[in-house]
Amino acid sequence: MLSDPDELARLVAQRDRVTERWHGAAKAAAAARVEARRATEASQMANAREWQARQDLRLARRAVDTASPSADEPDDRPDQ
């Protein structure tokens, strides 16, 4: 048992500092998890936009290919 009041006060202060650091670390970890989740969501959105842009490009190319006369077909368009 601790009989020295100064030693007891020192240990209580040390415990308080450790508890404060632990809470600070827990808050920092929670903030890091939130930031990681936001970064993941942003990355997923960017990937989805890129995928959609590629799909749009494929559709546009397909439309151009079907609208363009092939080399085997005569060009019926008037000369400009």
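Right, let's walk through the structure included here. (Residues numbered from 1 in each chain as written. Predicted model: local features only at pLDDT ≥ 70, side-chain atom pairs only at ≥ 80, totals over all residues. Heavy atoms only, no water.)

To continue, consider the overall build of the protein. Of the regular secondary structure elements, the protein holds one helix and zero strands. Relative to its 80 residues, the protein shows a buried fraction of 0%. When the accessible surface of the protein is split by element, carbon and sulfur atoms take 56% of a total near 7,600 Å². (Helix = DSSP H or I, 4+ residues; strand = E, 2+ residues; numbered from the N terminus. Buried < 20%, exposed > 50% of the residue type's maximum accessible area, 1.4 Å probe, protein only. Areas by Shrake-Rupley, 256 points an atom, 1.4 Å probe, with all protein chains shown as cover.)

Under the definition given, this model contains three salt bridges. Ionic pairing is found between aspartate 16 and arginine 15, a salt bridge with its closest N-O pair at 3.0 Å. Owing to a relative accessible area of 39%, aspartate 16 belongs among the partly exposed residues under this scheme. (Salt bridge = Lys/Arg side-chain N within 4 Å of Asp/Glu carboxyl O.)

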